[in-house]
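Notes for the structure review
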Amino acid sequence: MDIRKLQRTIVDALEDVKAQDIVVFNTEHLTSLFDRVIIASGTSNRQTKALAASVRDKVKEAGGEIIAIEGEDVGEWVLVDCGDAVVHIMQPTLRQYYNLEEIWGGKPVRLRMAAKSGPAMAAADDEEDEAAAAPVKARAGRATGRKA
């Protein structure tokens, strides 16, 4: 599956279950294991598990492959390995403590909304730009992004 399609599918799946603070980082220059790291927050164990299940289901529906899911039993930090993209779904306290953005955040991917009604779609623009870490707008128009 094309990395941009995979990325859009994952972000849409996260937005479907109202993930917060969704950010996407291009990691091609850091590792050959995967091309994107996507980090999102869930407010409870139940929501992080639901977010992981949504990502799993939407990626499979789109023809992608799920390599592994870790942490679903506890739900505080769930990692979904989608091959070319790794998704970290964390509760805010853990996310703040581990600060994965500092590790993977060298090259954020700009997300923009497609001009259409209905569900938001994210499209990648691989420019390195601090403004690229701007919030992703959720379907209902509320900000789900991290404040700069």
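The preceding data block contains the structure.
Presented here is an overview of the structure given in this document. The numbering scheme is per chain: residues are counted from 1 as the chain's sequence reads. With pLDDT at 70 or above as the cut-off, local features in this predicted model cover only qualifying residues; side-chain atom pairs require 80 or more to be listed or tallied, and sums for whole chains, interfaces and linings still use all residues. Hydrogens and water molecules were not included; the side-chain quantities draw on all heavy atoms of the structure.

Here's the deal with the sheet that holds strand β3 (residues 68-70)
Strand-to-strand pairing in sheets goes through backbone hydrogen bonds, with the strands running parallel or antiparallel. Heads up, the rule is: Strands pair, by our definition, only if DSSP identifies at least two bridges between them. Helix and strand definitions here come from DSSP, where helices need a minimum of 4 consecutive H or I residues and strands a minimum of 2 consecutive E residues; each element is numbered from the N-terminal end. Angles shown run from 0 to 180 degrees and are taken between the N-to-C directions of axes, each axis being a line fitted to C-alpha atoms and, for helices, limited to the stretch in contact. Residue contacts are defined here by distance: any two heavy atoms, one from each residue, within 4.5 Å place the two residues in contact.
Judged by pairing direction, the sheet is mixed, and its 5 strands sit side by side in the order β1-β2-β5-β4-β3 without closing on themselves. In this open sheet, the two strands that pair with only one neighbour each are β1 (20-26) and β3. Along the sheet, successive strands turn relative to each other by an average axial angle of 10°, direction set aside. Taken together, the 6 bridges between strand β2 (residues 36-41) and strand β5 (residues 85-90) define a ladder with parallel strand orientation. Each bridged residue has a counterpart across the sheet, and for A40 the counterpart in β5 is I89. Contacts from helix α2 (residues 45-61) reach β2, β3, β4 (77-81) and β5 within the one sheet, and its direction differs from that of β5 by about 160°.

Section: the pattern of salt bridges
Here is the rule we go by: Whenever a carboxyl oxygen of Asp or Glu lies within 4 Å of a side-chain nitrogen of Lys or Arg, that contact is scored as a salt bridge. Only protein chains enter the accessibility calculation, which uses a 1.4 Å probe; a residue whose area is less than 20% of its type maximum is buried, one above 50% is exposed, and one in between is partly exposed.
For the structure on display, the rule yields 4 salt bridges. Note that R95 and E101 form a salt bridge whose closest N and O atoms lie 2.6 Å from each other. With a relative accessible area of 2%, R95 lands in the buried category. Taking the relative accessible area as the measure of exposure, E101 reaches 12% and is therefore buried. Among the charged side chains, a network of salt bridges with common partners joins R56, D57 and E72.

Things to note about the packing of aromatic side chains
So the rule is basically this: Classification of ring pairs uses Phe, Tyr and Trp, with its six-membered ring standing for Trp, and accepts pairs whose centres are within 6.5 Å; under 30 degrees between planes counts as stacked, over 60 as edge-to-face, and the remaining range as tilted.
This model, assessed by the stated rule, comprises 3 aromatic pairs. When the centroid spacing of 5.3 Å and the interplanar angle of 65° are considered together, the rings of F34 and W104 count as edge-to-face. Of this pair, F34 sits in the loop between β1 and β2 while W104 sits in helix α4 (residues 100-104); the two residues are 70 residues apart in sequence, bridging distant segments of the chain. A relative accessible area of 13% means that F34 is categorised as buried. These aromatic residues form a ring-pair network of at least three members: W77, Y97 and Y98.

Examining unusual backbone geometry
Backbone geometry places D21, a non-glycine residue, at a positive phi of 55°. Looking at the element boundaries, D21 is found in strand β1. The backbone of N99 shows a phi angle near 45°, a positive value even though the residue is not glycine. Assignment of secondary structure puts N99 in the loop between α3 (92-98) and α4.

Concerning the pairing of β4
Working note: regular strand, side chains alternate between the two faces of the sheet. Residues of β4 alternate between two faces, with V78 and V80 buried on one and W77, L79 and D81 left unburied on the opposite face. Where β3 and β4 come together, 3 bridges link them in antiparallel fashion. Note on β4: the bridge partner recorded for E70 is L79. Between β3 and β4, which pair antiparallel one after the other, the connecting turn spans 6 residues, and G71 there sits at a positive phi close to 90°. Note: β4 against β5, 5 bridges, orientation antiparallel. Bridge pairing links V78 to I89 in β5. In sequence, β4 turns back onto β5 through a hairpin of 3 residues, with G83 there showing a positive phi of about 85°.

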